[in-house]
Amino acid sequence: MRITRRELCRALGTVAAGILPLRGLATKNAALASSGPFGKPEFMMTLPDEEAESLAAEHESYLGSLAPVIRSIQQEHGFPLAYDRRGEISAKEWSRRGRASISSGLAYLPASVPLDVRLKHRVSRAGYELHVISFAGTSHYRIPAFLLIPEGKGPFPAVVALHDHGGEYYFGKEKLVEIDPEHAALTSFKKTYYDGRSYASDLARSGYVVVVADCFYWGERRLTYTYPPTNYRQAIAGLDASSERYVSAVDDFLEQRTADLITLLGYNGLNWLGIVSYDDMRAVDLLVSLPEVDSRRIGCIGLSGGGFRSTYLAGRDARIRAGVIVAWMTTLPTTLDLAEKSHADIFDSYVVHAGLDHPDVASLGAPDCALFVLNCGRDELFTAEGMRLAVERIRGVYQNLNHADKFQARVYDVPHLFNTQMQKDAFLWLDRWLK
């Protein structure tokens, strides 16, 4: 039975803590399996056939016999642009080359256009004013966004708040901001992943200008049709648009289209992350343009897919002075140890990883960007070893540059989420470096 990312993410909200010790078995199993092309791992030879088969089914890599081959090829190649392989070049030159390789891999540099910010309307909220706006991403599209301006006299520090992936596409920017009235599906989503909080609104109340934009394929930028396909019409037939079932049906359909999106973008010389990361940097352009913002004090923050986006924004954009990455930090080769399909629908540009691992991308901002990584100890989207190695990789860069104080990492005994305590810790980090 094929499990979708949406189903896995929903399951993570209730997964038990007892699964953690099994990660060691999964890693050991994968390592032993690589010792021979056809035989079972040695430790399983001593188990009864039924028990061995059960363990293999539960802990074997999702790619089975192909995983050891992929692992071997990757280990021979490595990540040649990693910090510890920079040779005699300076850290500054290493960062420049790393950022250039990302730009080359993303292969997305459209012609620059004016921001052309348009205000749709504004609403006064407790402690801040909400501006519903849009701005030009390129000459081809506009980006809908919420801009939150705190009460008081600026200029203020500012944050790009990056909404998650979650396999939940119906909403984008609304996931992080107080909405009145709030759709029942949105309320449920926030309760599961954010302790029911709208953390972008909390940041604005604490004195930050915050921009939250719809990512490409989410919210107002999600896939829609003039003439919907039959299976889409059937999926939502008879459902009330105000119901959770309706939103879930739309999300399920959009989830099924991500493989087509990735393929057809490639056929057109594009990739998903190229658009996503460029648009996130356009959000920084927006903040820098505002008189209410102190352009020397800009940060970024995000959970899950938002954490992935935060990694690239902090790594690529020198204007980001503090970054928070929540529940998306791992060494990428360790994802071969996962037993379930987990990352097939993520926005990524795989050419980038010919040179850089995921933590390498984050560390490109060192030491100017103060970085905080929050990992979830019961997160089934990654291995414990992958998260640990990634943190060690980034910490090593900051230590080597004599700025160990500008990197912090914590593991929380929770599944894949960003709860109240984590949010408080993240806000303290932003306050330390931006206020």
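All values reported here derive from a predicted model rather than from experimental measurement. (Residues numbered from 1 in each chain as written. Predicted model: local features only at pLDDT ≥ 70, side-chain atom pairs only at ≥ 80, totals over all residues. Heavy atoms only, no water.)

J.: Break down the overall build of the protein for me, with residues and values.
T.: The secondary structure content of the protein amounts to 14 helices and nine strands. For the protein, the proportion of contacts with a sequence separation of at least 24, taken over those separated by at least 6, is 75%. When the accessible area of the protein is evaluated, it comes to approximately 19,300 Å², of which 54% is carbon and sulfur surface. (Helix = DSSP H or I, 4+ residues; strand = E, 2+ residues; numbered from the N terminus. Contact = heavy atoms within 4.5 Å. Areas by Shrake-Rupley, 256 points an atom, 1.4 Å probe, with all protein chains shown as cover.)

J.: I'd like to hear about the environment of Gly196, residue by residue, with values.
T.: Mapped onto the elements of the fold, Gly196 is located in the loop between α6 (184-194) and α7 (199-205). Once the C-alpha coordinates of Gly196 and Leu186 are considered, the two residues, ten residues apart in sequence, prove to be 9.5 Å apart. Contact partners of Gly196, with chain neighbours within four places excluded, come to Lys190 and Lys191.

J.: Outline the layout of surface pockets, supporting the account with residue identities and numerical values.
T.: Estimates place the volume of the largest pocket at around 750 Å³. In this structure, the largest pocket is lined by 26 residues; those nearest its centre are Leu63, Leu332, Thr335, Leu336 and Tyr350. Per-element accounting of the lining of the largest pocket gives the leading share, four residues, to helix α4 (residues 66-77). Here the residues of the lining of the largest pocket are counted per class, giving 14 nonpolar, eight polar and four charged. (1 Å grid on protein atoms, 1.4 Å probe; cavity = no way out; pocket = protein on both sides within 12 Å on 5 of 7 lines; lining within 4 Å. Points joined across faces, edges and corners; volume = space filled by probe spheres on them. Nonpolar A, V, L, I, M, F, W, Y, C, P; charged D, E, K, R; others polar.)

J.: Got a sec to walk through the sheet that holds strand β4 (residues 156-162)? Specific residues and values, please.
T.: One open sheet holds the nine strands; their spatial order is β1-β2-β3-β5-β4-β6-β7-β8-β9, and the pairing between them is mixed. The sheet terminates laterally at β1 (118-125) and β9 (407-412), the two strands that pair on one side only. Adjacent strand axes in the sheet meet at a mean angle of 15° when their direction is disregarded. When β1 meets strand β2 (residues 128-136), the two strands line up antiparallel, connected through seven bridges. (Pairing = 2+ DSSP bridges. Axes fitted to C-alpha atoms, helices over the stretch in contact; angles between N-to-C directions.)

J.: Break down the pairing of strand β5 (residues 209-213) for me, citing the residues and quoting the values.
T.: Of all five residues that make up β5, five are buried, and the element is covered over most of its length. Here β5 shows no split at all, with Val209, Val211 and Ala213 on one side and Val210 and Val212 on the other all buried. As paired elements, strand β3 (residues 142-150) and β5 share four bridges and run antiparallel to each other. Bridge pairing in β5 places Leu148 opposite Val210. Pairing geometry for β4 and β5, over three bridges, is parallel. (Buried < 20%, exposed > 50% of the residue type's maximum accessible area, 1.4 Å probe, protein only.)

J.: Got a sec to walk through unusual backbone geometry? Specific residues and values, please.
T.: Cis geometry is found at the peptide bond from Asp180 to Pro181, where omega equals 0°. Note that Pro181 resides in the loop between β4 and α6. Residues Ala366 and Pro367 are joined by a peptide bond in cis, for which omega reads -5°. Positive phi outside glycine occurs at Asp195, with the angle close to 60°. Position of Asp195 relative to the elements: it lies in the loop between α6 and α7. The exposure class assigned to Asp195 is partly exposed, which follows from its relative accessible area of 44%.

J.: Before we move on, could you go through the pattern of salt bridges and cite the residues and values that matter?
T.: Under the definition given, this model contains 29 salt bridges. The residue Asp202 makes a salt bridge to Arg205 at a minimum N-O spacing of 3.1 Å. Of this pair, Asp202 and Arg205 both sit in helix α7, three residues apart, roughly one helical turn. Among the ionic pairs, Asp431 bridges to Lys435, the shortest N-O distance being 3.6 Å. The exposure class assigned to Asp431 is partly exposed, which follows from its relative accessible area of 26%. (Salt bridge = Lys/Arg side-chain N within 4 Å of Asp/Glu carboxyl O.)

J.: Hey, could you go over helix α9 (residues 244-267) for me, with residue numbers and the actual values?
T.: Taking 1.5 Å of rise per residue, 24 residues should cover 34 Å, and α9 covers 35 Å from first to last C-alpha, within 8% of that figure. All buried positions along α9 are accounted for by Tyr246, Val247, Ala249, Val250, Asp251, Phe253, Leu254, Glu255, Thr258, Leu261 and Leu265. Positioned one or two residues after α9, Gly269 has a phi angle of 70°, which is positive. (Expected span 1.5 Å × (residues − 1).)

J.: Can you explain helix α10 (residues 272-289)? Please cite residues and give values.
T.: Three or four residues apart is the spacing at which side chains of an α-helix point the same way, because the helix has 3.6 residues per turn. With 18 residues, α10 should cover 26 Å at 1.5 Å per step; its first-to-last C-alpha distance of 26 Å lies within 8% of that length. N-cap assignment for α10: the residue whose side-chain oxygen lies 3.3 Å from the backbone N of Leu273 is Asn271. (Polar contact = N/O pair within 3.5 Å; in protein donor to acceptor, adjacent residues only side chain to side chain.)

J.: Lay out the side chain of Ser304 with the relevant residues and their values.
T.: Counting through the fold element by element, Ser304 comes out in the loop between β6 (293-303) and α11 (305-316). A polar contact is formed between the side chain of Ser304 and the side chain of His416, at a distance of 2.7 Å.

J.: Kindly report on the packing of helix α5 (residues 91-106) against α11, identifying the contributing residues and their values.
T.: In contact at an axis separation of 10 Å, α5 and α11 are set at 130° when each is read in the N-to-C sense. Compared by their axis directions, α5 and α11 come out oblique. Seen from above, α5 lies across α11 with left-handed handedness. For the pair formed by α5 and α11, the contact residues are Arg99, Ile102, Ser103 and Leu106 on the first element and Tyr312, Ala314, Gly315 and Arg316 on the second. Taken together, the residues of the contact of α5 with α11 sort by class into four nonpolar, two polar and two charged. (Parallel < 35°, antiparallel > 145°, perpendicular 65-115°, else oblique. Left-handed = near helix turned anticlockwise from the far one by under 90°.)

J.: So what's going on with the nonpolar core? Residues and values would help.
T.: Among the nonpolar cores identified, the biggest contains 82 residues, and Val160, Val209, Leu287 and Phe347 are the most heavily contacted of them. Sort the elements by how many residues they give to this core and α10 lands first, with ten residues. In contact with Val209, other than residues within four places in its own chain, are Leu147, Leu148, Ile149, Pro150, Phe156, Pro157, Ala158, Val159, Leu287, Leu290, Glu292 and Val293. (Core = buried A, V, L, I, M, F, W, Y, C linked by side-chain atoms within 4.5 Å.)

Treat this as a map of the structure, not an account of what it does.
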